[in-house]
Amino acid sequence: MHVDHIGVATADADALASLYGTLFDAPVAHEEAFDGLRFVFLELDGGSYFELLEPVDDDTQIGGYLDREGPGIHHVALATEDIDAALETARGAGVELIDEEPRAGAWGHDIAFLHPTDTGGALVEFVEH
Ligand code: CO
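Here the residue index of a chain counts from 1 through its sequence in written order. The model is predicted, so local features are restricted to residues of pLDDT at least 70 and side-chain atom pairs to those at 80 or more, both for listing and for counting; the totals for chains, interfaces and linings are taken over all residues. Only hydrogens and water are removed before side-chain values are computed, so all heavy atoms of the structure are retained for them.

Draft legend 1. Region of interest: the environment of threonine 80. By definition, any uninterrupted DSSP run of H or I lasting at least four residues is a helix, any uninterrupted run of E lasting at least two residues is a strand, and each is numbered from the N terminus. Inspection of the secondary structure assignment puts threonine 80 in the loop between β5 (72–79) and α3 (83–92). The sequence separation of threonine 80 and valine 127 amounts to 47 residues, and the corresponding C-alpha distance is 6.1 Å. Note on contacts: a residue pair is in contact if any heavy atoms of the two residues lie within 4.5 Å. In contact with threonine 80, not counting residues within four places along its chain, are Met1, Ala86, Phe126, Val127 and Glu128. From its side chain, threonine 80 meets the backbone nitrogen of aspartate 82 in a polar contact 3.0 Å long. Definition of a polar contact: a pair of N or O atoms within 3.5 Å, with one able to donate and the other able to accept a hydrogen when the atoms are protein atoms, and with sequence-neighbouring residues admitted only if both atoms are side-chain atoms.

Draft legend 2. Molecular detail of the coordination of the cobalt ion. Here the term donor refers to an N, O or S atom within 2.8 Å of the metal (or 3.2 Å for Na, K and Ca), and because water is left out of the atoms, sites may appear incomplete. At the metal site, the cobalt ion is ligated by His5 (NE2), Glu51 (OE), His75 (NE2) and Glu125 (OE), and these contacts range over 2.0 to 2.4 Å. With four donor atoms in place around the cobalt ion and angles of 83 to 162° between them, the coordination shape is irregular. Look at where the donors of the cobalt ion fall in the sequence and you get H-x45-E-x23-H-x49-E. Placement of the pair is histidine 5 in strand β1 (residues 2–9) and glutamate 51 in strand β4 (residues 48–55), with a sequence separation of 46 residues. Exposure categories follow from relative accessible area, calculated using a 1.4 Å probe and restricted to protein chains: below 20% of the type maximum is buried, above 50% is exposed, and the middle band is partly exposed. Exposure remark for glutamate 51: the relative accessible area of 5% places this residue in the buried category. Geometry is assigned from the angles between donors: four donors with all angles from 85 to 135 degrees make a tetrahedral site, four or six donors whose opposite pairs exceed 155 degrees while the rest stay between 65 and 115 make square planar or octahedral sites respectively, and everything else is labelled irregular.

Quick look at the structure:
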């Protein structure tokens, strides 16, 4: 696996995209409104991304996160070529799954989250392009 993206919760994805674009030489690769959120993907050298997550609807999970924790790193996504096998491995290791089955994520990717209580406190997402 390799790091696909770092998910960052923000109240202003455009402002953060502009800043990160300048700081990290990371142009916008994809933008999308999906599932109550605005997504902006910034591409880094080597094919990894920042995924900026801005809530646009009330009662999103990211909106609740921003209210509780403030802006910042929300999750780390690891790319796999077989998300079903990755979930099976996690299940076999006794890790609680937030998503028992892969679901549709932004940019047409299949995604699934693992429960952070079983992964050292880190919210980990599997993503299959
Ligand atoms: Co993500």
